[in-house]
Amino acid sequence: MELRENKRHKVSLKGYIKGFSYAKDGLKSAYKNEQSMTLHFFTTIIIITLCIILKATPIEWAVSILLLGLIAGMELINTALEAVIDLICPKIHPLAKVGKDTASGAVGLLSCLAFLFWVILFGPRLAMLIMSLF
Amino acid sequence: MNEEKRKEQKKRGIKRFINSFHYSWDGIKYAFKYEQSMFIHVLVTLLVIICGIIFKLNFHEWLLCIVLIGLVIATELINTAIEAVVDLACPEIHPLAKTAKDTAAAAVFVFAITAFLCGLFLFVPKMIALF
């Protein structure tokens, strides 16, 4: 086994493109095995629909997409950390619980903040739109 | 016994705070030396800053740019950290190790795509206004 210290990665196009294939594998496995990713997918569709209906400005579009991407990426990091913890120690262990709980807490905190953000952003306009229908 | 050792190590103090900067700097140096994507990300960062100056972004748009840049670089560093942990835990090939590394790479990819899309929404209206 080569030590990581001895290898100096040269900047290469082939290595860069390989990174994309790994990422694609990771995305496929995450969507197959985690039910939270499907929930996030539906949230994405709902938020994008809301943005189109309420005619958000470009900067509001940008921040909404930023939050959506943030949650998706954080869920993927959570999945990666869970895989690593299972790799090291498949049995029940207090530190393993700390690791998994903290990672899930990060994703949960981010989701709650994003939800709060979207309520503040879209709430008034959505309320006015609904009231104008009656 | 392990719990006591951990509690001792977690003692607060100004020394630990200053040490954390030293460790962070070591981490950034390592990531630059061994990850080619860091180089590309820094290049894109410079490009974004130059475009920001050319198109004269206002205050809020600069804030968004800063957040996007920081996000992508931080995620790349977290990816390097997860790869190091996986190599530490299990140097042989193992399906869970592949899952962990692939998922971390997917996270970087998702963040990079997100930053790219946000940049599009930020810069394309300005480019349209220019022409």
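What counts, and where the lines are drawn
- Residues numbered from 1 in each chain as written.
- Chains lettered and ligands numbered in written order.
- Predicted model: local features only at pLDDT ≥ 70, side-chain atom pairs only at ≥ 80, totals over all residues.
- Helix = DSSP H or I, 4+ residues; strand = E, 2+ residues; numbered from the N terminus.
- Buried ≥ 20, exposed ≤ 12 C-beta atoms within 10 Å, placed from the backbone.
- Contact = placed C-beta atoms within 7 Å.
- Nonpolar A, V, L, I, M, F, W, Y, C, P; charged D, E, K, R; others polar.
- Expected span 1.5 Å × (residues − 1).
- pLDDT = per-residue confidence, 0-100.
- Axes fitted to C-alpha atoms, helices over the stretch in contact; angles between N-to-C directions.
- Parallel < 35°, antiparallel > 145°, perpendicular 65-115°, else oblique.
- Core = buried A, V, L, I, M, F, W, Y, C linked by C-beta atoms within 7 Å.

Draft legend 1. Inspection of the overall build of chain A at higher detail. Regarding its fold elements, chain A presents 4 helices and 0 strands. Seen in sequence order, chain A has helices and strands lined up from the N terminus as α-α-α-α. Burial analysis of chain A (134 residues in total) assigns 23% to the buried set. Sequence-distant contacts, at least 24 apart, represent 66% of the contacts inside chain A between residues at least 6 apart.

Draft legend 2. Seen up close, the interface of chain A and chain B. On the side of chain B, 40 residues touch chain A, which itself brings 34 residues to the contact. When residues of the side of chain A that touches chain B are traced back to their parent elements, those giving at least two are helix H1 (13-33) and helix H3 (58-88) of chain A. If you tally residues by element for the side of chain A that touches chain B, the top one is H3(A), at 19 residues. Residues belonging to the side of chain A that touches chain B are distributed by class as follows: 23 nonpolar, 8 polar and 3 charged.

Draft legend 3. Spatial organisation of helix H2 (residues 35-53) of chain A. Residues and elements named next belong to chain A. Under the 1.5 Å per step criterion, the end-to-end length of H2 is 28 Å for 19 residues, consistent within 8% with the ideal 27 Å. The buried fraction of H2 is low, at 0 of 19 residues. Of the residues trailing H2, Lys 55 is marked for its positive phi of about 55 degrees.

Draft legend 4. The arrangement of the confidence of the model for chain A in detail. Residue and element names in this part refer to chain A. Overall, the predicted model of chain A reaches an average pLDDT of 82, with 85% of residues at or above 70. Across chain A, the secondary-structure element scoring lowest on mean pLDDT is H1, at 72, and the one scoring highest is helix H4 (residues 94-133), at 90. Ignoring residues within four places in sequence, the model shows residues 1-9, a span with pLDDT below 50, making 7 contacts including any to other chains.

Draft legend 5. Highlighting the packing of H2(A) against H3(A). Residues and elements named next belong to chain A. Where H2 contacts H3, the axes come no closer than 11 Å and their chain directions differ by 180 degrees. Between H2 and H3, the angle falls in the class roughly antiparallel. On the side of H2, the interface is formed by Ser 36, Met 37, His 40, Thr 44, Ile 47 and Cys 51, while H3 contributes Trp 61, Ser 64, Leu 68, Ile 71, Ala 72 and Glu 75. Taken together, the residues that form the contact of H2 with H3 break down as 7 nonpolar, 4 polar and 1 charged.

Draft legend 6. View of the packing of H3(A) against helix H5 (residues 95-130) of chain B. The contact between H3(A) and H5(B) brings their axes to 8 Å, and the two run at 170 degrees. The orientation of H3(A) with respect to H5(B), classified from their angle, is roughly antiparallel. A breakdown of the residues in the contact of H3(A) with H5(B) according to their chemical character gives 26 nonpolar, 6 polar and 1 charged.

Draft legend 7. View of helix H4 (residues 59-89) of chain B. Taking 1.5 Å per residue as the helical rise, H4(B) with its 31 residues ought to reach 45 Å, and the 45 Å between its terminal C-alpha atoms agrees with that figure. Among all positions of H4(B), only Cys65(B), Leu68(B), Val72(B), Thr75(B), Glu76(B), Asn79(B), Thr80(B), Ile82(B), Glu83(B) and Val86(B) are buried.

Draft legend 8. Main features of the environment of Ile59(A). Tracing the chain through its elements places Ile59(A) in helix H3. With residues up to four places along the chain from it excluded, the contact list for Ile59(A) reads His60(B) and Glu61(B).

Draft legend 9. Structural view of unusual backbone geometry. For Lys55(A), which is not glycine, the phi dihedral falls at a positive 55 degrees. Among the residues examined, Lys55(A) registers 8 C-beta atoms within 10 Å and is labelled exposed. Positive phi is not limited to glycine here, since Lys56(B) has a value of about 55 degrees.

Draft legend 10. Summary view of the nonpolar core. In terms of nonpolar packing, the biggest core is built from 41 residues, with Ala80(A), Ala106(B) and Ala107(B) touching the most fellow members. Looking at this core, the elements with two or more residues in it are H1 and H3 of chain A together with H4 and H5 of chain B. Counting residues per element, this core draws most heavily on H3(A), which supplies 17 residues. Excluding residues that lie within four positions of it along the chain, Ala80(A) makes contacts with Ile82(B), Ala100(B), Thr103(B), Ala104(B) and Ala107(B).

Draft legend 11. Local environment of the environment of Lys55(A). For Lys55(A), the location among the structural elements is in the loop between H2 and H3. Residues Lys55(A) and Val107(A), 52 residues apart in the sequence, show an inter-C-alpha distance of 28 Å.

Draft legend 12. The arrangement of the environment of Leu46(B) in detail. With respect to the helices and strands, Leu46(B) occurs in helix H3 (residues 36-55). Between the C-alpha atoms of Leu46(B) and Ile69(B), which are 23 residues apart in sequence, the distance is 9.7 Å.

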